[in-house]
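# Observations on the three-dimensional arrangement
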Amino acid sequence: MNRTDPLVLGIETSCDETGIGIVRGTTLLANTIASSMDEHARYGGVVPEVAARAHLEALGPAIRTAVADAGIDLADVDAIAVTSGPGLAGALMVGVGAAKALSVALDKPIYAVNHLVGHVGADLLDAHGGPGRAVELPTIALLVSGGHTSLLLVRDLVSDVELLGETIDDAAGEAFDKVARVLGLPYPGGPQIDRVAASGDPRAIRFPRGLSQPKDMAAHRYDFSFSGLKTAVARWVEQRQDAGETVPIADVAASFREAVVDVLISKAVAACADFGVPRLLLGGGVVANARLRQVAEERTAAAGIALRVPALSLCTDNGAMIAALAAQLITAGHEPSTLLFGADSTLPVTEIQVVT
Amino acid sequence: MLLAIDTSAGSSVAVVDRDGGVLSERSVPDTMRHAEVIGDLIKGSLDDAGVSVARLSGVAVGMGPGPFTGLRVGIAAARAFGLGAGKPVVRVVSHDAIAYERYRAGHLGGMLVVTDARRRELYWSAYVGVDEHGLPLREDGPGLCKPDDVPHAGLARVDAAEVSAGALGMLAEFLFLHGRPFAGSEPLYLRSPDVTLSNGPKRVSG
Ligand SMILES: [Zn+2]
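Only a predicted model underlies this, so the values are computations on that prediction, with no experimental measurement involved.

All names here are of chain A. With distances of 2.1 to 2.3 Å, the protein atoms coordinating the zinc ion are His115 (NE2), His119 (NE2), His148 (NE2) and Asp317 (OD). Seen from the zinc ion, its four donor atoms lie at angles of 88 to 158°, and the figure they make is irregular. Each donor residue of the zinc ion lies on the same chain, and together they follow the pattern H-x3-H-x28-H-x168-D. Of the two residues, His119 is situated in helix H4 (residues 115-121) and Asp317 in the loop between helix H11 (312-315) and helix H12 (319-331); the sequence distance between them amounts to 198 residues. Given the relative accessible area of 9%, Asp317 is considered buried.

Below is the structure:
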């Protein structure tokens, strides 16, 4: 196996995106993503079984497209990489089953990797296929999507990742979806809230910042909670409706978004300060949120923290980040996974590679 | 020569040859570990048969009926294997493999194949017998029903807990040989995803 610049095909099926990525070392060759988001719109959130069925149908065509985009022969890959977890169990299993079969058919080693660490690995790649670069370490990583909200301390991409905190209830992206529903906006909520909030006043309503009170900060310094915020928004809206008043949707959206962004960035910046790490990396689909990026830029600049935000096509769930992480494992001399690993919906972030 | 995969019940993988019969078969009856075992079963079956990937002419896969999570693992694996090996994938109704095996073992006349669909439901398929080549003739189903509503009470009922990939693969060989149709491309889940359509936001204030 080529351990210097391994050619790796990565398969990602942890949520509602079927991602196939191909990298050579840290160079991105293909990043094919098929999303079942539209199928979930009528349900107002990701339906696991709908997502899993969509993965099965999308996987073959996505592999073919990625191989064509990369201009390689499938038989030339050095290894197959796949997300073992965390994520939706039934969805993960589609990718795991396919990856194992591909590994046997091609007689190539397989690397089962951690989805969250994969988001950090996305920073290795240039979205336009230019030369990649090392992730500067140590770094704090804030990963925010519809499925997860996690704060990590990454000392080494392939051997030392620590979970500092995560959401204790809803993921941030989920909160956007739920508040969008309260405001009568369609799914997915993130872009809708972003659009409506543009003309609103973020200081119009002071919504609660979850787990930010002194008493919470003792036990949950780096944890997040968005379910109380969602309820507070719903209650505020209901009170206006009950009083027969018009709901200032733009102000509610802007104020809600501000509360989410404030908590996310405050805790991430605090982690940088606490651990003396002058770097913050963002990942996950919620990075698409314009206000999140803006506040992150302002506050990291003020605190002397270097901010890294991979291109959006690499922030949302994708197979390229999975392939990139596996390529790092291979380069670092890690042995492949056996064929016996499973899909682990709650895989801890400390388990960067699942070996068996 | 075919690699055959079925995960509609447990996980079963075989290598079959039209003339040589079932060259190898490995099965794990556990209905909860499809993703864990599938890779090893494929590798092991090929090794047992002493057959290289290049010598296969295709992949046969059971399309169900079967509970969705497990069923999908085998179909995903078969499609990915076919893609990696550059071989075609042919699809077989998993119940047909059960019927084929029973008829080959001497069963005569009609047969109702019944398998567990979980959630206190059953999958069924009705057969009237075999054609001139000994291939099962499915006349009705596959269907899904409550245990008390199993149709075709007059047929001999065959309750099966496993599907043999060896039988499935051999059936695929003869379906191909005799120009009989394979199953459709849709997995036979026979059940819609569990979802509740949202009726707008729920009130949070009293
Ligand atoms: Zn993700």
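The next thing to look at is unusual backbone geometry. Residue and element names in this part refer to chain A. Here the amide bond leading from Gly85 into Pro86 is cis, since omega sits at -5°, within 30 degrees of zero. Secondary-structure assignment places Pro86 in the loop between strand E4 (79-85) and helix H3 (89-106). Look at the link from Leu137 to Pro138: it is a cis peptide, with omega at -5°. Mapped onto the secondary structure, Pro138 falls in the loop between H4 and strand E6 (139-144).

In this structure, Leu9 of chain A together with Ile42 and Phe81 of chain B are the most contacted members of the largest nonpolar core, which totals 65 residues. The biggest single contributor to this core is helix H2 (residues 68-85) of chain B, with eleven residues. If sequence neighbours within four positions are ignored, Ile42 of chain B has contacts with Ala101 and Val104 of chain A together with Leu3, Ile5, Val13, Ala77 and Phe81 of chain B. Membership of the second largest hydrophobic core comes to 54 residues, among which are Val233, Trp236, Val263 and Val277 of chain A.

Our focus in this paragraph is the packing of aromatic side chains. Going through the model one piece at a time under the given rule, you end up with five aromatic pairs over all chains. Centroid distance Phe176 of chain A to Phe256 of chain A: 5.2 Å. Interplanar angle 75°. Geometry classified as edge-to-face. Separated by 80 residues along the polypeptide, Phe176 of chain A in helix H5 (residues 172-182) and Phe256 of chain A in helix H9 (residues 249-275) bring together distant segments of the chain. The ring centre of Tyr189 of chain B lies 4.0 Å from the NZ or CZ of Arg53 of chain A, which sits over that ring. Over the aromatic face of Trp236 of chain A sits the side chain of Arg240 of chain A, whose NZ or CZ is 3.9 Å from the ring centroid.

This brings us to the state of the cysteines. Residues and elements named next belong to chain A. Counting across every chain of the model gives zero disulfides over all chains. Looking at the unpaired Cys272, the closest cysteine sulfur is the one in Cys315, lying at 16 Å. Cys315 takes part in no disulfide bond, and the closest cysteine sulfur, belonging to Cys15, lies 16 Å away. Classification of Cys315 as buried rests on a relative accessible area of 1%.

All names here are of chain B. Strand order in this open sheet of four strands is E8-E7-E6-E9, and the pairing throughout is mixed. Sheet topology places strand E8 (136-145) and strand E9 (157-159) at the edges, where each strand pairs with a single neighbour. Between one strand axis and the next, the sheet turns through 20° on average, direction left out of account. In this sheet, strand E7 (residues 122-130) lies alongside strand E6 (residues 111-116) in antiparallel orientation, the contact comprising six bridges. Bridge pairing links Val114 to Trp124 in E7.

Now for helix H6 (residues 189-197) of chain A. Residue and element names in this part refer to chain A. The element H6 is extensively covered by neighbouring structure, given that seven of its nine residues are classed as buried. When we look at burial in H6, the residues that qualify are Gly189, Gly190, Gln192, Ile193, Asp194, Val196 and Ala197. At its buried positions, H6 is contacted by H5, H9 and helix H10 (290-303).

With that settled, the discussion passes to helix H1 (residues 34-49) of chain B. Residues and elements named next belong to chain B. Between the first and last C-alpha of H1 there are 22 Å, a value that for 16 residues agrees with the 22 Å anticipated at 1.5 Å per step. Listed as buried for H1 are His34, Ala35, Glu36, Val37, Ile38, Gly39, Leu41, Ile42, Gly44, Ser45 and Leu46. Once H1 finishes, Gly50 follows within two positions and takes phi at roughly 65°, a positive value.

This next bit is on the side chain of His34 of chain B. Residues and elements named next belong to chain B. Of note, His34 is situated in helix H1. Residue His34 is classed as buried on the basis of its relative accessible area of 5%. Beyond its immediate stretch of four places on either side in the chain, His34 contacts Thr7, Ala9, Gly10, Ser11, Gly70 and Val73.

Scoring rules and cut-offs
- Residues numbered from 1 in each chain as written.
- Chains lettered and ligands numbered in written order.
- Predicted model: local features only at pLDDT ≥ 70, side-chain atom pairs only at ≥ 80, totals over all residues.
- Heavy atoms only, no water.
- Donors = N, O, S within 2.8 Å, 3.2 Å for Na, K, Ca; no water.
- Tetrahedral: all angles 85-135°; square planar, octahedral: opposite > 155°, others 65-115°.
- Helix = DSSP H or I, 4+ residues; strand = E, 2+ residues; numbered from the N terminus.
- Buried < 20%, exposed > 50% of the residue type's maximum accessible area, 1.4 Å probe, protein only.
- Core = buried A, V, L, I, M, F, W, Y, C linked by side-chain atoms within 4.5 Å.
- Contact = heavy atoms within 4.5 Å.
- Phe/Tyr/Trp six-rings, centres within 6.5 Å; stacked < 30°, edge-to-face > 60°.
- Lys NZ or Arg CZ within 6 Å of the ring centre and 35° of its normal.
- Disulfide = S-S within 2.5 Å.
- Pairing = 2+ DSSP bridges.
- Axes fitted to C-alpha atoms, helices over the stretch in contact; angles between N-to-C directions.
- Expected span 1.5 Å × (residues − 1).

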